[in-house]
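Structural characterization, general
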Amino acid sequence: MAPPRNVVKIAVQMPEAIPQLIQLDQAKPLAAVLKEVCDAWSLVHSERYALQFADGHRSYITENNRTEIKNGSILCLSTAPDLEAERLLGGLQSGSRERRREALQHLVLLAPDVTFAQEVVSRDGLQRLGTIIEDGDDLGEVLTLALRAFLELMEHGMVSWETLSIPFVRKVVCYVNMNLMDASVQPLALRLLESVTLSSPALGQLVKSEVPLDRLLVHLQVMNQQLQTKAMALLTALLQGASPAERKHMLDYLWQRNLRQFIYKNIIHSATPLGDEMAHHLYVLQALMLGLLEPRMRTPLDPYSQEQREQLQALRQAAFESEGESLGTGLSADRRRSLCAREFRKLGFSNSNPAQDLERVPPGLLALDNMLYFSKHAPSAYSRLVLENSSREDKHECPFARSSIQLTVLLCELLRVGEPCSETAQDFSPMFFGQDQSFHELFCVSIQLLNKTWKEMRATQEDFDKVMQVVREQLARTLALKPSSLELFRTKVNALPYGEVLRLRQTERLHQEGTLAPPILELREKLKPELMGLIRQQRLLRLCEGTLFRKISSRRRQDKLWFCCLSPNHKMLQYGDVEEGASPPTLESLPEQLPVADIKALLTGKDCPHVREKGSGKQNKDLYELAFSISYDHGEAEAYLNFIAPSKREFHLWTDGLSALLGGPMGSEQTRLDLEQLLTMETKLRLLELENVPIPEQPPPIPPPPTNFNFCYDCSITEP
């Protein structure tokens, strides 16, 4: 007879004692269970003990998380969290360095557990750790452990970072600014200052004033990837907290100190693979760098500004200077104005007064900046492009100014200029760190590409929007390849002419649409069940392989990972924490289990509880698209296992696999694409013998029956 559902068979162990094999009744109060366990070992005062998971993070068992205990779980009997916290905090005040070190080591191990953390915080444990950090009597292992324990406790969010004292923050700043400092201390100190800067504007200003940019540059130049990553994290946090004017001043200074060149040569092209966290910070740095263009993008041209009028005249003169000088000699003011208006028209402005074209925002003054940069840094290409098109009389001229204005808008959209930074994105482009004035240089390449595409399409003014759509596709496809330099970008984008774009469009359309003949549609419908079964099998195999998921808090990105996979018999989800850089764990080493039979529902997007808590800002949009949760029975309440997928593809694979486990349909976009690809391949294989044979829209008519059936052979007659 099977045991009741709320009874689990577990083992409880204790040092120097024979383990107990018991049946745990989840309906029985935890205090009563502890009493029985202690009685079996003849231990008195059961309230002084607690149960912990023996594997994994060794978290304490409470009434809130006891449903995580599954059949076969191994627990250990240990000191109650309140007594353990009291003991360890007492060890911190010991005069013995060795005892303080041992207490800190245990504190670091137990601090991730929320139950233990609550006991430590309620006993002023953070203040005691803060005293050790402020005193700085031992700058080696003791300080490292104290910083690590302090950070682990603060991660629970029980105490605000804004409550930290100014002397404490200044002391941590001192550790960052010291020259001779233990290599394990400074990454932790930088991480702490990053959290302070992101969470408290007031303390962030203190960090900004106390930590020189030159000091962060020193840390970035140390060949220690962890130190580089934390220094870059603090740098991007300081830049995000600065005003636009301060941010521009800081970035200008960093570029003068050759930070861009160092990032390009020693971080992006380092022999060591780039970590996810560093990739995210480079993405943020790129976004902030491009964000400096936003004020110009949002500012329309002022027709009364003398400086801006002179810039427009310089643009005209760079293209028509010799012609204007020869024709303008001895002319009246009215005649000269008429000549200028005509030349602005030749330049490609829609109005004789170019200020009217540049009043549109975006791109505002940024379009004028781009045109001026092109005329000054590529004068021969500028003159050739303008004169080539202004002298044509066959209505195929490409308007330079109109194209530049629209191209600037297009580049701002593709590069997301002015949009808030994502919390998880890592899609930075290396070429922006390999070139000064990278946006303007990209424009110079793109405007020549536009002129080339215009000629390939033999476009007229009526085709302007069609040309811009093709150019958008050319730029987007090339940027997606993440070329490492501007020259490589130029080579790749010029290798994508209009004819190649048409070919790619046609190929994609054929892959998406296929043929619509009724016999083919009927064949596809017959193939679907078999192919959906194949996709289901692939999804479940992917779940069995498992995936590394990243933990993300409401405050900032976290560098903690956890692994989850499906058991080979498809009956258990097994999961547990793993260290960064470690190989995927084996199935047996994962401490946590969740029976598939206990899963009630699959939630995605904004329905997930861990996404609802983060708010609805634009910067969380990417989290909505990657978030999913599993709801399962947790005693009388409902509990959730929350996921943030590392990519959109992993999100589709996991949600499809979990839906298949729960008996639901696999409705993701990836399933649709996979099914379409398999249907196309299988249909083509079935139709190989009918190549070049037209398939009729209607089946051929059935001929009438013959007048006699004498041609039929009677198999029952045996030959002699």
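Since the model is a prediction, treat every value here as computed from it, not as a measurement. (Residues numbered from 1 in each chain as written. Predicted model: local features only at pLDDT ≥ 70, side-chain atom pairs only at ≥ 80, totals over all residues. Heavy atoms only, no water.)

**Thoughts on the overall build of the chain**
Within the chain, the regular secondary structure consists of 30 helices and eleven strands. The globule rule puts the C-alpha radius of gyration for 720 residues at 27 Å, and the 34 Å found for the chain is more than 25% above it. Summarising its shape, the C-alpha atoms of the chain cover approximately 115 × 115 × 40 Å along the three principal directions. Within the span of the chain, comprising 720 residues, buried residues form 47% of the whole. (Helix = DSSP H or I, 4+ residues; strand = E, 2+ residues; numbered from the N terminus. Rg over C-alpha atoms; globule rule 2.2 N^0.38 Å. Buried < 20%, exposed > 50% of the residue type's maximum accessible area, 1.4 Å probe, protein only.)

**A look at the pattern of salt bridges**
With the rule as written, the count across this model stands at 36 salt bridges. The partner of Arg298 in a salt bridge is Glu294, with the nearest N and O atoms 3.5 Å apart. (Salt bridge = Lys/Arg side-chain N within 4 Å of Asp/Glu carboxyl O.)

**Structural notes on the sheet that holds strand S9 (residues 599-604)**
The three strands lie next to each other as S9-S10-S11, forming an open sheet whose pairing is antiparallel. The sheet is open, and its two edges are formed by S9 and strand S11 (637-644), each paired on a single side. Here the strands of the sheet are splayed against their neighbours by 25° on average, with no regard to which way each runs. Those strands touched by helix H29 (residues 648-661) are S9, strand S10 (627-634) and S11, and its axis lies near 30° from that of S10. (Pairing = 2+ DSSP bridges. Axes fitted to C-alpha atoms, helices over the stretch in contact; angles between N-to-C directions. Contact = heavy atoms within 4.5 Å.)

**Quick notes on the environment of Gln240**
As for its placement among the helices and strands, Gln240 is situated in helix H11 (residues 225-241). Judged by its relative accessible area of 35%, Gln240 is partly exposed. As for Gln240 and Arg296, which are separated by 56 residues in sequence, their C-alpha atoms are 19 Å apart. Apart from residues lying up to four places away in sequence, Gln240 is in contact with Leu198, Arg247, Val284, Leu288 and Cys421.

**Some words on the packing of helix H2 (residues 81-92) against helix H5 (residues 125-135)**
At a minimum axis distance of 10 Å, the contact between H2 and H5 shows a crossing angle of 20°. With respect to H5, the axis of H2 lies roughly parallel. Pair H2 / H5 crosses with left-handed handedness. Contact with H2, carried on its side by Leu89, Gly90 and Leu92, involves Gly125, Arg128, Leu129 and Ile132 of H5 and no other residues of that element. Broken down by class, the residue content of the contact of H2 with H5 amounts to four nonpolar, two polar and one charged. (Parallel < 35°, antiparallel > 145°, perpendicular 65-115°, else oblique. Left-handed = near helix turned anticlockwise from the far one by under 90°. Nonpolar A, V, L, I, M, F, W, Y, C, P; charged D, E, K, R; others polar.)

**Details of the environment of Asp427**
Mapped onto the secondary structure, Asp427 falls in the loop between helix H21 (400-415) and helix H22 (438-457). Residue classification places Asp427 among the partly exposed residues on the basis of a relative accessible area of 43%. Residues contacting Asp427, with those up to four places away along its chain left out, are Tyr283, Gln286 and Lys482.

**Description of the packing of aromatic side chains**
Here the distance between the centres and the angle between the planes together describe a pair of aromatic rings. Using the criterion set out here, one finds 16 aromatic pairs in the structure. When the centroid spacing of 5.1 Å and the interplanar angle of 75° are considered together, the rings of Phe549 and Phe643 count as edge-to-face. Pair noted here: Phe549 is in strand S5 (residues 547-552) and Phe643 is in strand S11, with a separation of 94 residues, a long-range link. One exposure class covers both Phe549 and Phe643, and it is buried. Between the aromatic rings of Trp562 and Tyr575, the centroid separation amounts to 5.9 Å while the plane-to-plane angle is 80°, which identifies the pairing as edge-to-face. Taken together, the residues span a long stretch of sequence, with Trp562 in strand S6 (residues 557-566) and Tyr575 in strand S7 (residues 572-578) at a distance of 13 residues. Members of the aromatic cluster, each reached through a chain of ring pairs, are Phe549, Trp562, Tyr575, Phe628, Phe643, Phe651 and Trp654. (Phe/Tyr/Trp six-rings, centres within 6.5 Å; stacked < 30°, edge-to-face > 60°.)

**Structural notes on the sheet that holds strand S1 (residues 7-13)**
Sheet strands associate in pairs through backbone hydrogen bonding, adopting either a parallel or an antiparallel arrangement. Read from one edge of the open sheet, four strands run S2-S1-S4-S3, paired in mixed fashion. With one partner strand each, in any of the chains shown, strand S2 (20-25) and strand S3 (49-53) form the two edges of the open sheet. Between one strand axis and the next, the sheet turns through 40° on average, direction left out of account. As defined by bridge partners, S1 adjoins strand S4 (residues 74-79) across three bridges and the pair is classed as parallel. Bridge pairing in S4 links Ala11 to Ile74.

**As for empty space enclosed by the protein**
Within this structure, the stated rule accounts for one cavity of 30 Å³ or more. In this structure, the largest cavity encloses a volume near 30 Å³. Every residue along the wall of the largest cavity is listed here: Glu68, Lys70, Tyr575, Gln593, Leu594 and Tyr632. Here the lining of the largest cavity is composed, by residue class, of three nonpolar, one polar and two charged. (1 Å grid on protein atoms, 1.4 Å probe; cavity = no way out; pocket = protein on both sides within 12 Å on 5 of 7 lines; lining within 4 Å. Points joined across faces, edges and corners; volume = space filled by probe spheres on them.)

**Observations concerning helix H13 (residues 259-268)**
Taking burial as the measure, the ten residues of H13 include seven buried ones, the bulk of the element. Within H13 the residues assigned to the buried category are Leu259, Arg260, Phe262, Ile263, Tyr264, Ile267 and Ile268. Close packing links the buried residues of H13 with helix H10 (213-220), H11, helix H12 (244-256) and helix H14 (276-291).

**A look at the domain arrangement of the chain**
Interfaces are often sized by the amount of accessible area the parts lose when they come together. Here the chain is described as being made up of domain 1 (7-79), domain 2 (88-278), domain 3 (298-321 + 337-508) and domain 4 (530-673). The straight-line distance from the C-alpha centre of domain 3 to that of domain 4 is 44 Å. (Domains from an automatic or database assignment.)

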